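Spelled out from the first residue to the last, the chains are:
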Amino acid sequence: IFGALTLPDIGQFFPDTDPRWKGAPSDVFMDEAWKQMDARGYRIGNLDVTLIAEAPRMIVKDHPRSEPGKPFDHKLGMVENIASLLGCPPSRVNVKARTHEKVDAVGEKRAISCHVVAMLERKP
């Protein structure tokens, strides 16, 4: 969102040298992104999120919260949470996941990567 608004990097809003942000919940950062977006007269047009990880799996068979005979999809909860934080309908948020085929730190389960494309639109 900061990038779509052509604002400085998130690190300039929340420097990692500032102890206030150590261990801060991610909704603090998302809330600031929403405030910046709203103040400039924009809203989410759509958001496309790609999680890249070997683990944890996003769709889990035999999860305690899954319905009988159906796998549990963590992405659905992520869509709801993101939409709630950004004040937009869940239909404007897409979350998908893929692996990195055991290549580099992501593939070796030492890291997780995430790519996001945000389309903003002027508020009516």
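For the structure, see preceding data.
Residues numbered from 1 in each chain as written. Predicted model: local features only at pLDDT ≥ 70, side-chain atom pairs only at ≥ 80, totals over all residues. Heavy atoms only, no water.

## Regarding the overall build of the protein
Stage number 1. Across its full length, the protein carries four helices and five strands.
Stage number 2. Counting helices and strands in the order they occur from the N terminus, the protein gives α-α-β-β-β-α-β-α-β.
Stage number 3. If you line up the protein on its principal axes, its C-alpha atoms span 45 × 35 × 25 Å.
Stage number 4. The buried share among the 124 residues of the protein stands at 29%.
Stage number 5. At a minimum sequence separation of 6, the contacts of the protein that also span at least 24 residues come to 67%. (Helix = DSSP H or I, 4+ residues; strand = E, 2+ residues; numbered from the N terminus. Buried < 20%, exposed > 50% of the residue type's maximum accessible area, 1.4 Å probe, protein only. Contact = heavy atoms within 4.5 Å.)

## Re the state of the cysteines
Stage number 1. Taken as a whole and assessed by the stated rule, the structure comprises zero disulfides.
Stage number 2. Distance from the sulfur of cysteine 88, which forms no disulfide, to the nearest cysteine sulfur (cysteine 114) is 15 Å.
Stage number 3. With a relative accessible area of 11%, cysteine 88 lands in the buried category. (Disulfide = S-S within 2.5 Å.)

## A closer look at the layout of surface pockets
Stage number 1. Of the pockets and cavities examined, the largest pocket occupies roughly 550 Å³.
Stage number 2. As for the largest pocket, its lining consists of 20 residues, of which Ile1, Ile10, Ser26, Met30 and Val116 are closest to the centre.
Stage number 3. Taken together, the elements giving at least two residues each to the lining of the largest pocket come down to helix H2 (26-39), strand S1 (42-52), helix H3 (74-86) and strand S5 (113-122).
Stage number 4. Here the residues of the lining of the largest pocket sort into 16 nonpolar, three polar and one charged. (1 Å grid on protein atoms, 1.4 Å probe; cavity = no way out; pocket = protein on both sides within 12 Å on 5 of 7 lines; lining within 4 Å. Points joined across faces, edges and corners; volume = space filled by probe spheres on them. Nonpolar A, V, L, I, M, F, W, Y, C, P; charged D, E, K, R; others polar.)

## Some details on the packing of aromatic side chains
Stage number 1. Applying the stated criterion to the full structure yields four aromatic pairs.
Stage number 2. Aromatic side chains phenylalanine 14 and tryptophan 21 sit 4.7 Å apart centroid to centroid with 90° between the ring planes, which places their arrangement in the edge-to-face category.
Stage number 3. On the basis of relative accessibility, which here comes to 11%, the residue phenylalanine 14 falls in the buried class.
Stage number 4. Linked through ring pairs, Phe14, Trp21 and Phe29 together constitute an aromatic cluster. (Phe/Tyr/Trp six-rings, centres within 6.5 Å; stacked < 30°, edge-to-face > 60°.)

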